[in-house]
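Below are the chains, spelled out letter by letter.
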Amino acid sequence: MPDLAASSKRPPPWALRILVLTYLTIFLFAPLLALGVESFREGALSLWQGITEPESLLALRNSFLLAAIAVVLNVLFGIAAGLVIARQRFWGRALLDGLIEVPLALSPVMVGLAFILIFGRTGWLGPWLSQFGVRVIFSFPGLIIATLFVTVPFTAREVIHVLSEIGEEEEMAATTLGASRWQTFWHVTLPNMRGALSCGISLTAARALGEFGAVLIMGGAITGSTHTATTWIFTAVDERNNGAALGLSLVLGLCSVALLLLVEKLRARAHERR
Amino acid sequence: MRPALTPTSRWSLLLRGAVIAWMLLLVVLPLVALAIHGLRSGVPFFWAAITEPQAKDAVALTLWTALLISLINAVLGTATAWLITRYRFRGRRLLATLIDLPLAIPTLVTGIMLVVLFGPMSPLGAWFEGHGIYVAFHSPIIVLALGFVTLPFSVRMVQPVLADMDRAEEEAAASLGASRLVTFLRIIWPSIGPAVLGGALQTFARAMAEFGSIVVVSGNVPHETLTAPVYIYGQVESGDSHGAAAVALALVTLSLLVTLFSKLMVRWGVRRHA
């Protein structure tokens, strides 16, 4: 952490301690603790049964599959976006850079709605696609599109940031020494991106596993087909299926904590290297 | 010899085209669909759709809860950043990691946590209800949910600015006899002000978009606890994607403007700082 030098050795004043502790307890610690306590009260057996129900397993499989697809496509897009936005100069580059972050400002519900307007029964492309027997809404492709939309910023942003920070000198040196474009990319640019890509992968996976609003609208949360872990938790709460709701919440919560810790570790390592 | 990726090479043009096409299909097309559907029947219809009583109350609820949590985060988030950067205490690193948790935890899981904590079946919820304070399925729990999901924004925005600040100015002001209030207003606030405001705006935009945690905790009673994103979800489910698109368009426009303004704020802060 960069700020260690700035911090003083004095203990913090009590008023500040109590203020911050109250704030964090109400908004952060109490809810986190509640989930842990309630899961414990529910009992390991009930949680395990909830997690291993056929519907839960299907939902988990869908969620992990979506996360994997989002990771692969975003790695490819992230590399391309990095090379284009951090290395090329062209008109509209700043706009393109800004567009990448737009999904962060949109409510997932609006994302789902927008894609319904495009791919729905009366949408722009829906009727045309259905001639070929392709269905997007209420089927797995819809889930993929929703997940891709909400995960677009994470890998690309990391790669663009790192490439702009590092600068082009190493790549120019390689070219001057006679490396081909492919060799420069493979031996210089790609290794420089590696840390950013790992961070991006973790953030993308966490975001994909956690997506709810957009996949709820696009997939329709159909039993036996388009449930994801989050939409199945939502349904399980309605059906008072506490084992499944708490069990899957715990699984998703633990996955996201693990991915976050991984990101922090990667960031700390990148920071040391610099 | 040319550097690795010059704008003139065929490969880089191809790459640029691919990145632009991906962004157009995935991000721009849905925005255009929202805009066209929202305005398809003209401005009077758009206006009628967003001023329809249920929609109006939903938008009003979303705006005031988002504003309230932005203010809370601006004050207490800054206090938290202050505690983390200015003092050393045991558990400081752990605290810094915990503050990032809401970025990774699925918002639906946040909703489950709050239901478990404040629901009528929980000891805390029952206690509050016994004292005539209704938290679950009323507006307080909406603010609590927004507080959890937006907790990192203000802290993370202010923290680096505080860490980079030159303490010499403060010490000079203090040794020249300035009171703590004067030192804060004249020395500290000019440096951290843009970051505090930027964090508040980021919180506001994120809070306006929140769906997953609110849909399970607020009860979604029209005119009382129905927020705008949940209203849009309801309209989509009941087949009125036209009216939903109008409300969504209004909210998307506002949140993109707020996000843009928050980015400008941060950039302005950085430039003044440098």
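Residues numbered from 1 in each chain as written. Chains lettered and ligands numbered in written order. Predicted model: local features only at pLDDT ≥ 70, side-chain atom pairs only at ≥ 80, totals over all residues. Heavy atoms only, no water.

K.L.:
Now, about the overall build of chain B: what can you tell me, with residues and values included?
P.N.:
Within chain B, the regular secondary structure consists of twelve helices and zero strands. Element order for chain B, N to C, with α for helix and β for strand: α-α-α-α-α-α-α-α-α-α-α-α. Counting only C-alpha atoms and orienting by the principal axes, one finds that chain B spans roughly 75 × 65 × 35 Å. The 274 residues of chain B split such that 53% are buried. Taking contacts inside chain B between residues at least 6 apart in sequence as the whole, the part at least 24 apart equals 74%. When the accessible surface of chain B is totalled, it reaches about 12,600 Å², and 69% of it is carbon and sulfur. In chain B, 19 positive and 13 negative side-chain charges are present, and the distance between their average locations comes to 15 Å. (Helix = DSSP H or I, 4+ residues; strand = E, 2+ residues; numbered from the N terminus. Buried < 20%, exposed > 50% of the residue type's maximum accessible area, 1.4 Å probe, protein only. Contact = heavy atoms within 4.5 Å. Areas by Shrake-Rupley, 256 points an atom, 1.4 Å probe, with all protein chains shown as cover. Lys, Arg positive; Asp, Glu negative; His and termini not counted. Charge placed at Lys NZ, Arg CZ, Asp CG, Glu CD.)

K.L.:
Which residues make up empty space enclosed by the protein, and what values do they have?
P.N.:
All told, the structure shown has two cavities of 30 Å³ or more when counted by the stated rule. Approximately 40 Å³ is the volume attributed to the largest cavity. In terms of lining, the largest cavity is formed by Ala105, Leu106, Ser107 and Met110 of chain A together with Ala205, Met208, Ala209, Leu251, Val252 and Ser255 of chain B. Elements with a contribution of two residues or more to the lining of the largest cavity: α9 (180-209) and α12 (241-273) of chain B. Partitioned by chemical class, the residues of the lining of the largest cavity number eight nonpolar, two polar and no charged. The space that makes up the second largest cavity amounts to roughly 30 Å³. For the second largest cavity, the full set of lining residues is Ser63, Leu66, Thr147, Ala208, Leu209, Glu211, Val215, Thr228 and Thr230 of chain A. (1 Å grid on protein atoms, 1.4 Å probe; cavity = no way out; pocket = protein on both sides within 12 Å on 5 of 7 lines; lining within 4 Å. Points joined across faces, edges and corners; volume = space filled by probe spheres on them. Nonpolar A, V, L, I, M, F, W, Y, C, P; charged D, E, K, R; others polar.)

K.L.:
Describe the packing of helix α7 (residues 139-164) of chain B against α9 of chain B, listing the residues and the values that go with them.
P.N.:
Residue and element names in this part refer to chain B. Between α7 and α9, the least distance of the axes is 8 Å, while the angle of their chain directions is 160°. Classified by the angle their axes make, α7 and α9 are roughly antiparallel. Seen along the crossing, α7 lies across α9 with a hand that is right-handed. Seen from α7, the contacting residues are Leu146, Val149, Thr150, Phe153, Ser154, Met157, Val158, Val161 and Leu162; seen from α9, they are Ser191, Ile192, Ala195, Val196, Gly198, Gly199, Ala200, Gln202, Thr203, Arg206 and Ala207. A breakdown of the residues in the contact of α7 with α9 according to their chemical character gives twelve nonpolar, seven polar and one charged. (Axes fitted to C-alpha atoms, helices over the stretch in contact; angles between N-to-C directions. Parallel < 35°, antiparallel > 145°, perpendicular 65-115°, else oblique. Left-handed = near helix turned anticlockwise from the far one by under 90°.)

K.L.:
How would you summarise a positive patch on the surface if you had to cite specific residues and measurements?
P.N.:
Residue and element names in this part refer to chain A. A cluster of like positive charges, contributed by Arg194, Lys265, Arg269 and Arg273, occupies part of the molecular surface. Considering every element that reaches the positive patch, the biggest residue donor is helix α13 (residues 242-273), with three residues. Following the sequence through the fold, arginine 269 ends up in helix α13. (Patch = residues over 30% accessible without salt bridge, like charges linked within 9 Å, V, L, I, M, F, W, Y side chains within 5 Å. Salt bridge = Lys/Arg side-chain N within 4 Å of Asp/Glu carboxyl O.)

K.L.:
Any chance you could break down the domain arrangement of chain A for me, citing the residues and the numbers?
P.N.:
Residue and element names in this part refer to chain A. By the assigned domains, chain A splits into domain 1 (11-42) and domain 2 (54-273). For domain 1 and domain 2, the distance between their C-alpha centroids amounts to 31 Å. The interface is formed by four residues belonging to domain 1 together with five residues belonging to domain 2. Roughly 400 Å² is buried in total at the junction of domain 1 and domain 2, and carbon and sulfur atoms are behind 78% of that figure. Our count for the domain 1 to domain 2 interface comes out at zero salt bridges. Tallied by class, residues from the side of domain 1 that touches domain 2 come to one nonpolar, one polar and two charged. (Domains from an automatic or database assignment. Buried area = accessible area lost by both parts, 1.4 Å probe.)

K.L.:
For the interface of chain A and chain B, give the residues involved together with the corresponding values.
P.N.:
The interface of chain A with chain B comprises 79 residues on the first partner and 88 residues on the second. Both faces combined, the contact of chain A with chain B buries some 8,000 Å², and carbon together with sulfur accounts for 79% of it. Together, Tyr23, Phe27 and Arg181 of chain A form the three largest contributors to the area buried by chain A at its contact with chain B, with a combined 9%. Taken together, chain A and chain B are joined by one salt bridge. Across the pair glutamate 101 of chain A and lysine 263 of chain B runs a salt bridge, and its minimum N-O distance is 3.1 Å. For the interface between chain A and chain B, the tally reads seven residue pairs in polar contact (both at pLDDT 80 or more). Counting residues per element, the side of chain A that touches chain B draws most heavily on helix α1 (residues 14-42) of chain A, which supplies 15 residues. (Polar contact = N/O pair within 3.5 Å; in protein donor to acceptor, adjacent residues only side chain to side chain.)

K.L.:
So what's going on with the confidence of the model for chain B? Residues and values would help.
P.N.:
Residues and elements named next belong to chain B. Counting all residues, the mean pLDDT for chain B is 89, and 96% of those residues have values of 70 or more. Looking over chain B, one finds the lowest element-wise mean pLDDT in helix α8 (residues 167-175), namely 84, and the highest in helix α3 (residues 53-86), namely 95. For residues 1-7, every residue scores under 50 in pLDDT, and the model assigns this stretch 17 contacts once sequence neighbours within four places are set aside. (pLDDT = per-residue confidence, 0-100.)

K.L.:
Any details on the pattern of salt bridges? Residues and values, ideally.
P.N.:
The tally for this structure, following the rule as stated, stands at ten salt bridges over all chains. Taking the shortest distance from any N to any O, the salt bridge between glutamate 101 of chain A and arginine 157 of chain A comes out at 4.0 Å. Placement of the pair is glutamate 101 of chain A in the loop between α4 (93-100) and α5 (102-105) and arginine 157 of chain A in helix α8 (residues 140-166), with a sequence separation of 56 residues. For arginine 157 of chain A, a relative accessible area of 31% gives the class partly exposed. Several salt bridges converge on common partners, so that one network encompasses Glu101 and Arg157 of chain A together with Lys263 of chain B.

K.L.:
Please set out a nonpolar patch on the surface residue by residue, giving values where relevant.
P.N.:
Where nonpolar side chains cluster on the molecular surface, the patch consists of Trp124, Leu125, Trp128, Phe132 and Val134 of chain A together with Val32 and Ile36 of chain B and spans about 650 Å² of accessible area. Residue position: leucine 125 of chain A is located in the loop between α6 (108-119) and α7 (126-131). A relative accessible area of 33% places leucine 125 of chain A in the partly exposed class.

K.L.:
Help me get a handle on the environment of aspartate 100 of chain B, residues and values and all.
P.N.:
Considering the arrangement of structural elements, one finds aspartate 100 of chain B in helix α4 (residues 92-104). Residues aspartate 100 of chain B and serine 175 of chain B lie 75 residues apart in sequence; the distance between their C-alpha atoms is 37 Å. Apart from residues lying up to four places away in sequence, aspartate 100 of chain B is in contact with Leu260 and Glu264 of chain A together with Pro152 and Arg156 of chain B.

K.L.:
Mind laying out the domain arrangement of chain B, listing which residues take part and the relevant values?
P.N.:
Residues and elements named next belong to chain B. Domain boundaries assigned for chain B yield domain 1 (7-39) and domain 2 (42-273). One C-alpha centre belongs to domain 1, the other to domain 2, and the line joining them spans 31 Å. Taken together, the contact between domain 1 and domain 2 spans six residues of the former and eight residues of the latter. For the pair domain 1 and domain 2, the two sides together bury roughly 640 Å², of which 74% comes from carbon and sulfur.

K.L.:
Before we move on, could you go through the packing of aromatic side chains and cite the residues and values that matter?
P.N.:
Evaluated as defined, the whole model comprises 13 aromatic pairs over all chains. Each ring, one from tryptophan 128 of chain A and one from phenylalanine 132 of chain A, has its centre 5.2 Å from the other, and the planes form 75°; the classification is edge-to-face. Seen from their ring centres, tryptophan 182 of chain A and phenylalanine 185 of chain A are 5.9 Å apart, and the 35° between their planes marks the pair as tilted. With tryptophan 182 of chain A and phenylalanine 185 of chain A both in helix α10 (residues 181-210) and three residues apart, the pair spans about one turn of that helix. Each member of the aromatic cluster is reached from another via a ring pair, and the members are Phe212 and Phe234 of chain A together with Phe211 and Tyr233 of chain B. (Phe/Tyr/Trp six-rings, centres within 6.5 Å; stacked < 30°, edge-to-face > 60°.)

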